[in-house]
Amino acid sequence: MTADELAAIHAAAFVQDRPWTAQEFRDLAANPLVHLETVQHGFALWRAVADEAELLTIAVAPEAQGRGYGAALMTAWMAKAARTCNRAFLEVASDNARALRLYTSQGFEIVAKRKAYYRRPKGQADALVMEARAPFSVSRKSSGGSRP
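Residues numbered from 1 in each chain as written. Predicted model: local features only at pLDDT ≥ 70, side-chain atom pairs only at ≥ 80, totals over all residues. Heavy atoms only, no water.

1. Overview of the overall build of the chain
Counted only if it meets this: The numbering of helices and of strands both runs from the N terminus, where a helix is a DSSP run of H or I of at least 4 residues and a strand a run of E of at least 2. All radius of gyration figures rest on C-alpha atoms, and the globule criterion is 2.2 Å times the number of residues raised to 0.38. Between buried and exposed lies partly exposed: a residue is buried under 20% and exposed over 50% of the maximum accessible area for its type, with that area taken using a 1.4 Å probe on protein chains only. In this tally, Lys and Arg are treated as positive and Asp and Glu as negative; His is ignored, and so are the chain termini. Here the site of a charge means atom NZ of a Lys, CZ of an Arg, CG of an Asp or CD of a Glu.
Secondary structure summary: the chain contains 4 helices and 6 strands in total. Put simply, the chain runs from its N terminus to its C terminus through helices and strands in the order α-α-β-β-β-α-β-α-β-β. Taken against the 2.2 N^0.38 rule, which gives 15 Å for 148 residues, the C-alpha radius of gyration of the chain at 14 Å falls within 12% of a compact globule. When its C-alpha atoms are laid out on the principal axes, the chain stretches across 40 × 35 × 30 Å. By the burial criterion, 42% of the 148 residues in the chain qualify as buried. Between the centroid of the 19 positive side chains of the chain and the centroid of its 15 negative side chains there is a distance of 4 Å.

In structure tokens form, the structure reads like this:
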């Protein structure tokens, strides 16, 4: 996927938050520690530093949500991270119930909270920091994906 395609999917999926720009995706792609996993209609961008992996963002086009693409992306990045990492982290808005269900189903647990981190039209939402420890509860088989 091109940086423009990533930005378009991100903008469609993150209507409550500031979407990332194509330039931000290009800048991240230039970092050798950042990895991109793709599926039709979606992507996951993650980074590995030492023995820790961090999901930077994951997005599935709204018209394709609920079809298993998010789970496939989670499986892909976590399987690759498991090759060198013992822990994985991500951050999610406390009002994003669909994402919380997905992350919990992949073995993530809440380990910290950032109060009122996200601005919303009618208030604020906390940021929940979630962690999974190896062995991750995903298939060790890698699926799809590519470097940005």
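Next comes the rest of the account.
2. Details of helix 2 (residues 22-29)
Put simply, the rule reads: Relevant arc is that of directions from the helix axis to the C-beta atoms, nothing else. Every residue pair with non-hydrogen atoms within 4.5 Å of one another is taken to be in contact.
When helix 2 is considered as a whole, its buried residues turn out to be Ala22, Phe25 and Leu28. Buried residues of helix 2, viewed axially, fall in a sector of 125°; they line one side. Against the buried residues of helix 2 lie helix 1 (3-13), strand 1 (34-39), strand 2 (42-49) and strand 3 (52-60).

3. A few points about the packing of aromatic side chains
To keep things clear, this is the line we draw: Each pair of aromatic rings taken from Phe, Tyr and Trp, with Trp reduced to its six-membered ring, is defined by centres within 6.5 Å and is described as stacked if the planes are under 30 degrees apart, edge-to-face if over 60, and tilted in the remaining cases.
Throughout the structure, instances matching the rule amount to 6 aromatic pairs. Ring geometry for Trp46 versus Trp77: centroids 5.9 Å apart, planes at 40°, classification tilted. Taken together, the positions of Trp46 in strand 2 and Trp77 in helix 3 (residues 69-81) put the pair 31 residues apart, joining distant regions of the chain. On the basis of relative accessible area, Trp77 is assigned to the buried category, the value being 0%. An aromatic cluster of three or more residues is present, and its members are Trp46, Trp77, Tyr103 and Phe108.

4. Looking at the pairing of strand 3
Rules: Strand pairing is defined by DSSP finding a minimum of two bridges between the two strands. A right-handed crossover is one whose linking path, passing over the helix from the first strand to the second, runs clockwise when the strands point away from the viewer.
With respect to burial, strand 3 is a largely interior element, 7 of its 9 residues being buried. Adjacent in sequence and paired antiparallel, strand 2 and strand 3 are bridged by 2 residues, among which Ala50 carries a positive phi angle near 55°. Here 3 bridges tie strand 3 to strand 4 (residues 87-93), and the two strands are oriented parallel to one another. Bridged to Ala53 within strand 4 is Ala88. Between strand 3 and its parallel partner strand 4, the chain crosses via helix 3, and the hand of that crossover is right-handed.

5. Examining the environment of Ala22
Within the secondary structure, Ala22 is located in helix 2. Excluding its chain neighbours within four sequence positions, the residues that come into contact with Ala22 are Ala3, Asp4 and Ala7.

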